[in-house]
Amino acid sequence: FGATVLVPILVQGYGLPLSIQTTLLFAGIGTLLFHVCTKFKVPAFLGSSFAFLGGFQAVANLDSGKFAAMTGEEKLPYALGGVVVAGLLYLVLALLFKLVGAKKVMRFFPPIVTGPIIILIGLNLSGTAVTNASTNWWLALCAIAIIIIANIWGKGMIKIIPILLGVVGSYIVALIFHQVDFTEVASADFVGLQKFVIAKFDITSILVMAPIAIAAMMEHIGDVSAISSTTGHNFIEDPGLHRTLVGDGLATAFAGFFGGPANTTYGENTGVLALSKVYDPRVVRLAAIYAIILSFSPKFDALVNSIPAAIVGGVSFILYGMISAVGVRNIVENQVDFTKSRNLIIAAVILVCGLGFSSGLTFHVAGTSVTLTGLAIAALAGIILNA
């Protein structure tokens, strides 16, 4: 839950008005849709994907061509259009898995390509974490300290929800020291409809989001493998990886089309399964229904939005670093050999492209200006060099 609502809070910080209510609604609907696609067999909850944060930030920063004079509100539908296309790419991969087999497809996305791309997603976001944290360093450090303590010394459920504890714990501290503004909370209704935003499509925003789907799909495969080993059921074979990818892709495309962020199968989900020993998918579907019910409360939305920017900065300080660390883990666990110059060159080019092209690369095609972000250039370079 903490991670699901944190995504719209962070995206709002980039200047794109992504709604918490809409995010919760599509986390719930997306989870139920995923369960339908996987024959009701896989105990997985679909929440907001952190991988796409870099894409939202990149769209918010676009200032060339048609995007030059746009407000954040006008840019959001284009970012969502990119999310829809990213979700549809899952369906393409699922079809390829079904037709030619996973091994042949995965040859184009080995850890030497996906690892550095995931590292870049976290590194590109790091500046906003520092900017938010600097609004009140002691409050940000409080959030960081709680997350570290819960993560390292926590037992049982505490170890599973460090991000949520970091937000709640530092929020209580902020309340004690009168750092929270309740103006919006007081004026909000208890019950009300979500704010829907219909996606718009533009080649630039699509090229921002599409490469992130590569990293997100690798994350999905890892999560399904982890859920399989935790529960003792091989979900990669039954109902099949193609079905889980279709479920995740449809949930992401559906959410993006109506104003929600991309969905993903949560790693935290596996931790809860391991801790509770409750593997019944019906319990996860109950969680999805709770998310849908909460999505009908503007007051709850306003309460979550009252979290001070410094707390968001402190949490994202750890979070963005962890995204990059997951990329490093991806490389280490798959024993990528960096004594081979081939691997060194692929990683080197990906990292320099991702960080060096900070403002992207704009070119004109048939009278339309197209901007490739650093991450898109890095992904293309990595896939081509590896191939």
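In this text the structure is predicted, and so the values were computed from the model without any measurement.

In this model, helix α6 (residues 111–133) (23 residues) spans 32 Å end to end at C-alpha, consistent with the 33 Å of a helix rising 1.5 Å per residue. Approximately 35° is the largest bend angle found in α6, and it occurs at Ser 126.

Following Asp 238, the chain continues into Pro 239 via a peptide bond in cis, with omega recorded as 15°. Residue Lys 39 is not a glycine yet carries a positive backbone phi of 60°. Tracing the chain through its elements places Lys 39 in the loop between α2 (20–37) and β1 (46–48). Even without being a glycine, His 178 presents a positive backbone phi close to 55°.

Okay, the packing of aromatic side chains next. Geometry of an aromatic ring pair is reported as the spacing of the ring centres plus the angle between the planes. On inspection of all chains with the given rule, the structure shows 8 aromatic pairs. Between Phe 257 and Phe 258, the ring centres sit 5.2 Å apart and the planes meet at 75°, which makes this aromatic pair edge-to-face. You can call Phe 257 partly exposed: its relative accessible area is 32%. Cluster of aromatic residues (ring-pair linked, three or more members): Phe 26, Phe 196, Phe 254, Phe 257 and Phe 258. Over the ring of Phe 190 we find Lys 299, and its NZ or CZ is 4.9 Å from the ring centre.

This next bit is on the nonpolar core. Where a protein is soluble and globular, its nonpolar side chains tend to be buried together. By size, the foremost hydrophobic cluster in this structure holds 111 residues, and its most contacted members are Leu 10, Tyr 14, Phe 50, Phe 52, Leu 53 and Phe 56. Residue contributions to this core peak at 12 residues, all from helix α11 (residues 203–231). Excluding anything up to four places from it in sequence, Leu 10 contacts Phe 50, Leu 53, Val 312, Ser 316, Leu 319 and Tyr 320.

Right, let's talk about the packing of helix α1 (residues 2–13) against α2 for a bit. At a closest axis distance of 9 Å, the pairing of α1 and α2 adopts a crossing angle of 145°. Pair α1 / α2 crosses with right-handed handedness. In this structure, α1 contributes Thr 4, Val 5, Pro 8, Ile 9 and Gln 12 to the contact, and α2 contributes Ile 20, Thr 23, Leu 24 and Ala 27. Its residues assigned to classes, the contact of α1 with α2 comprises 6 nonpolar, 3 polar and no charged.

Residue placement: Gln 21 occurs in helix α2. With residues near it in sequence (within four places) discarded, Gln 21 still touches Gly 192, Leu 193, Gln 194, Lys 195, Ser 295, Phe 296, Ser 297, Pro 298 and Asp 301.

On average, the protein scores 90 in pLDDT, and the residues at 70 or more come to 99%. For the protein, strand β4 (residues 368–372) is the element with the lowest average pLDDT, namely 74, and α2 is the one with the highest, namely 96.

Let's shift gears to α1. Along its 12 residues, α1 runs 17 Å from first to last C-alpha, staying within 8% of the 16 Å computed at 1.5 Å per residue. Buried residues dominate α1, accounting for 10 of its 12 residues. For α1, the set of buried residues is Gly 2, Ala 3, Thr 4, Val 5, Leu 6, Val 7, Pro 8, Ile 9, Leu 10 and Val 11. Phi turns positive, to about 105°, at Gly 15, one or two residues after α1.

Rules behind the numbers
- Residues numbered from 1 in each chain as written.
- Predicted model: local features only at pLDDT ≥ 70, side-chain atom pairs only at ≥ 80, totals over all residues.
- Heavy atoms only, no water.
- Helix = DSSP H or I, 4+ residues; strand = E, 2+ residues; numbered from the N terminus.
- Expected span 1.5 Å × (residues − 1).
- Bend = angle between axes of the 7 residues up to and from the residue.
- Phe/Tyr/Trp six-rings, centres within 6.5 Å; stacked < 30°, edge-to-face > 60°.
- Buried < 20%, exposed > 50% of the residue type's maximum accessible area, 1.4 Å probe, protein only.
- Lys NZ or Arg CZ within 6 Å of the ring centre and 35° of its normal.
- Core = buried A, V, L, I, M, F, W, Y, C linked by side-chain atoms within 4.5 Å.
- Contact = heavy atoms within 4.5 Å.
- Axes fitted to C-alpha atoms, helices over the stretch in contact; angles between N-to-C directions.
- Left-handed = near helix turned anticlockwise from the far one by under 90°.
- Nonpolar A, V, L, I, M, F, W, Y, C, P; charged D, E, K, R; others polar.
- pLDDT = per-residue confidence, 0-100.

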